[in-house]
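# Examining the three-dimensional arrangement
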Amino acid sequence: MNFQESDQNMVNQHAVIYWQSNIGKTYMYGSTINYITKDHVIFQNDLFSVGSIVHSWHSLSQYQAQRSGKQLPLLLAGIEYQLTLNASVVPEKAMYLQLKFYDRYENIIDRITIKDKVEKFRYPENAYAYDVELINVGVKKIVFNNIEINDANFDNQQISNDQGLYVSN
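Presented here is a report on the structure given in the accompanying data block. Because the structure is a prediction, the values reported are computed rather than measured. (Residues numbered from 1 in each chain as written. Predicted model: local features only at pLDDT ≥ 70, side-chain atom pairs only at ≥ 80, totals over all residues. Heavy atoms only, no water.)

Turning next to the overall build of the protein. Looking only at helices and strands, the protein features two helices and 13 strands. Counting all 169 residues of the protein, 40% fall into the buried class. Considering only contacts in the protein between residues 6 or more positions apart, those separated by 24 or more positions represent 70%. Looking at the protein as shown, the accessible area adds up to about 9,900 Å², and 47% of this sits on carbon and sulfur atoms. (Helix = DSSP H or I, 4+ residues; strand = E, 2+ residues; numbered from the N terminus. Buried < 20%, exposed > 50% of the residue type's maximum accessible area, 1.4 Å probe, protein only. Contact = heavy atoms within 4.5 Å. Areas by Shrake-Rupley, 256 points an atom, 1.4 Å probe, with all protein chains shown as cover.)

Here the structure, examined in full by the defined rule, presents two salt bridges. Between Lys93 and Asp116 there is a salt bridge, with the nearest N and O atoms lying 3.6 Å from each other. Placement of Lys93 in the loop between β6 (80-90) and β7 (95-102) and of Asp116 in the loop between β8 (108-114) and β9 (118-122) is noted, with a sequence separation of 23 residues between them. Assessed through its relative accessible area of 56%, Lys93 is described here as exposed. For Asp116, a relative accessible area of 40% puts it in the partly exposed group. (Salt bridge = Lys/Arg side-chain N within 4 Å of Asp/Glu carboxyl O.)

Before going further, it helps to examine the sheet that holds β7. With respect to topology, five strands assemble into an open sheet ordered β2-β5-β10-β7-β8, the strand pairing being antiparallel. Of all the strands in the sheet, the pair left with one neighbour each is β2 (25-26) and β8. Judged from the five bridges that link them, strand β5 (residues 53-58) and strand β10 (residues 129-136) form a sheet pairing that is antiparallel. Counted as the bridge partner of Ile53 is Ile135 from β10. (Pairing = 2+ DSSP bridges.)

Written out as structure tokens, the structure reads:
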């Protein structure tokens, strides 16, 4: 497959990321986590420090080390994406999303902190991998549904069925 065909496949990309017990890393010390359904996770912790990572997902994972497969979608360099956090937080605005971008040698080349539930970002030209992290800034409780990553040109006319799956036109 050449680059142009691959680039065309990225048009109208829509990915939904869930918080699963076997995917990513979760801050466990003193935490109560209830996995109600795939898109309904309740996290509570009254005693952990500001700046700690609540949960993280990685675009590159080594199955032997982490016992999980692909956690995040492949993003293309230079393309603008929109990230949407579907969660409620107590107290409100007490959690940020952070994106870390890495080069081929696993050096951090850029970092973006997202304070709103919807924000656009551009995937860096020289990025090879990235992480998405939920960062504590005073959170006591999170009711987490999912994170959506769309390319900025995603067609918002979507059909939703009862299972919460999205079908783009």
